[in-house]
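Residue-level structural notes
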Amino acid sequence: MSRGPAGRPPSAVGNGRRPARPVLLAGALTAAATLLVGCGPVPPFPPLPSEGPSAIAASDLVPGDVAPAAPSIAPSEAAHLSPDGFDAVQRMAVRIRNVGCGALSTGSGFAIDEHTLITNRHVVADASSLQVSTYDGRDLEVAAASTAGLADLAVVRTEDPLPSFPRLGDADPVPGQHVTVVGYPEGRALTVTQGSVIGATNDPLNANLGQVLVTDAPVEPGSSGSAALDDDGRVVGVVYAKTDDGMSLLVPLSTVQQVLADTTAFTPVEPCA
Amino acid sequence: MSDERPAGAAPVPPSYAPPGHGSGPHAVPAAAPHAAVAEAPLPDDGAAAVRRSRRRGRGAVVLAALLVVALCLAGYLWVAADRWRQSSDAWQEQARAQGERVAELESQLSAASSELAAAREQLATATSRITALADEKAQLGDENVASQQYLDYQRRVSEAAGVVASALGRCTSGQSQLIEYLRTPERYDPADLEQFGQQVDTLCAQATAANESLQQELQQ
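Residues numbered from 1 in each chain as written. Chains lettered and ligands numbered in written order. Predicted model: local features only at pLDDT ≥ 70, side-chain atom pairs only at ≥ 80, totals over all residues.

**Thoughts on the overall build of chain B**
On a plain count of helices and strands, chain B comes out with three helices and zero strands. Burial statistics for chain B: of 220 residues in total, 8% are counted as buried. Partitioning the contacts of chain B with sequence separation of at least 6, the portion at a separation of at least 24 is 62%. (Helix = DSSP H or I, 4+ residues; strand = E, 2+ residues; numbered from the N terminus. Buried ≥ 20, exposed ≤ 12 C-beta atoms within 10 Å, placed from the backbone. Contact = placed C-beta atoms within 7 Å.)

Structure below.
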């Protein structure tokens, strides 16, 4: 082992260089500390969310899951609302008064365009005149009426525009499907009833070609010609009869479309003598 | 270690030692067992003094550095605390303002909800009333039509009654005339009397049938 002049290991003495290391270390430590923490710039603080409180929305401060729901009109509800507060289902329904020769009867109907409405054949049969009124009591002048030969359907055209008209559905409703019936049972006030499709059956009255639909939606005499609507407000059938056990019978949409597509299927209503 | 030092090593000059530290010629030797060395300071004493001096110097430098670091750190902490305090005050002020804003909005929301509920109730009442009025109008229309039809019926019945009464009157007149003829039958042709009597019977039969129909209609 080699030794230095003072008899110490060179590594311990270092030939006079050892005292410089702590000084340099201390200097470096000081400089680093100065640069890092002591005299360096203070790191920026998190800024405020905005310059003024008013710029912050209340939703930013209130958790969404516990925020009280603001009162609003549901989109489905708003889409159907009219300025007078009636929804489209009510606005498209009409009341039909059949003034016959010494007889009087009422039925229901619904608009399919601005001047055309659909009802049952037996609603407009044997009439000397037809009188149509809307949900709000306005009377509409009738221009013409014609009945279909193969189904208990009739088309009435009006001189005055109808308030509203729905869209026809895409297909016949299936069993279990929810339906809404809007009409004037017993010739009384406009009524909306709910039900569901039970199934299909042969027409017990032989008034229609093919099968008809059975629903449990409550109907009464005077509901004939009422529209049966699906949940989207589209027409899926036309009420034409009521069974003894309280079920309602519908002319299915497919039959309606088939009859409407055939312009020759309708003949003008012959007034009673 | 000093035992290993060579005898011919050069002593450290006394002036080399720092004053006031007792490391000069009168200082007690570092190694007490070596009494002879105490009278003449060994070169190791000077080196030790130098090392102690250097250690003190280094200590002073380290302490100074630590002091600087501590001062800088304290300054930083003071600045940081001040800025955090300012930031906290700003946040608290903004939170308070937002809280007031939220309270105001909640109050407005509550008022709007109440107004909306009232408007909805009024709308429902209005639509129900409109529906009821439309129904009343429709019923009045039905009653009007029914009354008109009843009046038409009554008019037809009255007309029929008039026709029946007229026919019965003609029947009665014919029968009276026939009775008059039969009082003096020799004045008339028997064939003519027979024909007249048949005509009166036919007329009376028709009048009676019409009257029976009218009575049946009135009984319905």
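**Some details on the overall build of chain A**
Of regular secondary structure, chain A possesses seven helices and 14 strands. The buried share of chain A, taken over its 273 residues, is 36%. Pairs at least 24 apart in sequence give 60% of the contacts found in chain A among residues at least 6 apart.

**Observations concerning the sheet that holds strand β3 (residues 116–119) of chain A**
All names here are of chain A. Here we have eight strands laid out as an open sheet, ordered β5-β4-β1-β2-β3-β7-β6-β14, and antiparallel in their pairing. At either end of the open sheet lies a strand with only one pairing partner, and these are β5 (139–140) and β14 (266–268). Bridging between strand β2 (residues 104–113) and β3 involves three bridges; their strand directions are antiparallel. By the bridge assignment for β3, Asp-113 is matched with Thr-116. (Pairing = 2+ DSSP bridges.)

**Section: the sheet that holds strand β10 (residues 211–215) of chain A**
Residues and elements named next belong to chain A. Sheet architecture is closed into a barrel: six strands sit in the order β8-β9-β10-β13-β12-β11, paired in antiparallel fashion. Strand-to-strand twist in this sheet, taken as the mean axis angle between neighbours without regard to direction, amounts to 45°. The sheet strands contacting helix α7 (residues 253–261) are β12 (235–242) and β13 (248–252), and the helix crosses β13 at an angle near 45°. (Axes fitted to C-alpha atoms, helices over the stretch in contact; angles between N-to-C directions.)

**Notes on the nonpolar core**
One finds Val-124, Leu-153, Ala-228 and Val-238 of chain A to be the most contacted residues of the largest nonpolar core, which totals 56 residues. If we ignore the near neighbours within four places in the chain, the residues touching Ala-228 of chain A are Val-179, Val-181, Thr-215, Val-236, Gly-237, Val-238, Val-239 and Leu-250 of chain A. (Core = buried A, V, L, I, M, F, W, Y, C linked by C-beta atoms within 7 Å.)

**Examining the pairing of strand β4 (residues 129–133) of chain A**
Residues and elements named next belong to chain A. By the bridge criterion, five bridges tie strand β1 (residues 93–99) to β4 in an arrangement that is antiparallel. What sits directly across from Val-99, in β4, is Ser-129. As paired elements, β4 and β5 share two bridges and run antiparallel to each other. Paired with Ser-133 across the bridge in β5 is Asp-139.

**Let's talk about the confidence of the model for chain B**
Residue and element names in this part refer to chain B. Scored by pLDDT, chain B comes out at a mean of 82, with 80% of its residues at no less than 70. No element of chain B has a lower mean pLDDT than helix α1 (residues 35–39), which averages 46, and none a higher one than helix α2 (residues 43–183), which averages 91. Scored below 50 in pLDDT, residues 1–38 makes 43 contacts in the model with residues more than four places away or belonging to other chains. Taken over the whole predicted complex, pTM reads 0.66, whereas the ipTM for its chain interfaces reads 0.73. (pLDDT = per-residue confidence, 0-100.)

**A few points about the pairing of strand β6 (residues 142–148) of chain A**
All names here are of chain A. In this sheet, strand β7 (residues 154–158) lies alongside β6 in antiparallel orientation, the contact comprising five bridges. When the bridges of β7 are listed, Ala-144 appears paired with Arg-157. Hairpin connection from β6 to β7: five residues lie between these consecutive antiparallel strands. Examined bridge by bridge, β6 and β14 share three bridges and lie antiparallel to one another. From the neighbouring strand, Ala-148 faces β14, where its bridge partner is Phe-266.

**Notes on the environment of Leu-260 of chain A**
Within the fold, Leu-260 of chain A resides in helix α7. Distance in space between the C-alpha atoms of Leu-260 of chain A and Leu-153 of chain A is 9.5 Å, their sequence separation being 107 residues.

**Re unusual backbone geometry**
Residue and element names in this part refer to chain A. Located in the positive-phi region is Asp-126, a residue other than glycine, with phi close to 55°. Following the sequence through the fold, Asp-126 ends up in the loop between α6 (121–124) and β4. Residue class for Asp-126 comes out partly exposed when judged on the 15 C-beta atoms lying within 10 Å of it. A positive phi angle, close to 60°, is found at Glu-186, a residue other than glycine.

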